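Residue-level structural notes
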Amino acid sequence: QVQLVESGGGLVQAGGSLRLSCAASGRIFSISSMGWYRQTPGKQRELVADITFGGSTNYVDSVKDRFIISRDNAKNTVYLQMNSLKPEDTAVYYCNADITVVAVPAFIRGFWGQGTQVAVSS
């Protein structure tokens, strides 16, 4: 099957930086969009940023000019460089990817990573 493995979360002070990585592996034929979502307790999961295969990006307003999403298509990996972190960025961050799976018949669906905790102290 397909797995998304995230890394890079942790605890940082306000103003610091973290770089999240998410690598997809398994029975992958192709990956279209990849993105990062975040969720705090009792809150709705929100899109933070996403990126197409060709590199077009989209960001939620609250992280514009601070976060940068990128991807390495050869490695099936998406990154989220988070700079100037604020306490309100504290959340569990989830990787998502729309993947066409090698199967008979082939199928496409969204896959989710396990989530990685990002905590920003004031």
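Just above sits the structure.
Let us look at the structure shown here. (Residues numbered from 1 in each chain as written. Predicted model: local features only at pLDDT ≥ 70, side-chain atom pairs only at ≥ 80, totals over all residues. Heavy atoms only, no water.)

Considerations on the state of the cysteines
Which entries qualify depends on this criterion: The criterion for a disulfide is a pair of cysteine sulfur atoms lying within 2.5 Å. By the criteria applied, helices consist of DSSP H or I runs no shorter than four residues and strands consist of E runs no shorter than two, each listed in order from the N terminus. Exposure categories follow from relative accessible area, calculated using a 1.4 Å probe and restricted to protein chains: below 20% of the type maximum is buried, above 50% is exposed, and the middle band is partly exposed.
Enumeration according to the criterion identifies one disulfide in this entry. Disulfide pairing places cysteine 22 opposite cysteine 95 at an S-S distance of 2.2 Å. Across the S-S bond linking cysteine 22 and cysteine 95, the dihedral sits near -85°, which makes this disulfide left-handed. One end of the pair, cysteine 22, is in strand 3 (residues 18-26); the other, cysteine 95, is in strand 9 (residues 91-101), and 73 residues separate them in sequence. Classification of cysteine 95 by relative accessible area gives buried; the value is 0%.

What to know about the environment of phenylalanine 111
To be explicit about the condition: Two residues form a contact once any of their heavy atoms are found within 4.5 Å.
For phenylalanine 111, the location among the structural elements is in strand 10 (residues 107-112). The exposure class assigned to phenylalanine 111 is buried, which follows from its relative accessible area of 4%. For the pair formed by phenylalanine 111 and glycine 42, sequence separation is 69 residues and the distance between their alpha carbons is 22 Å. Residue contacts for phenylalanine 111: discarding those within four places in its chain leaves Gln1, Val2, Leu4, Cys95, Asn96, Ala97, Ile99 and Val101.

Worth remembering: the numbers are spatial, not functional.
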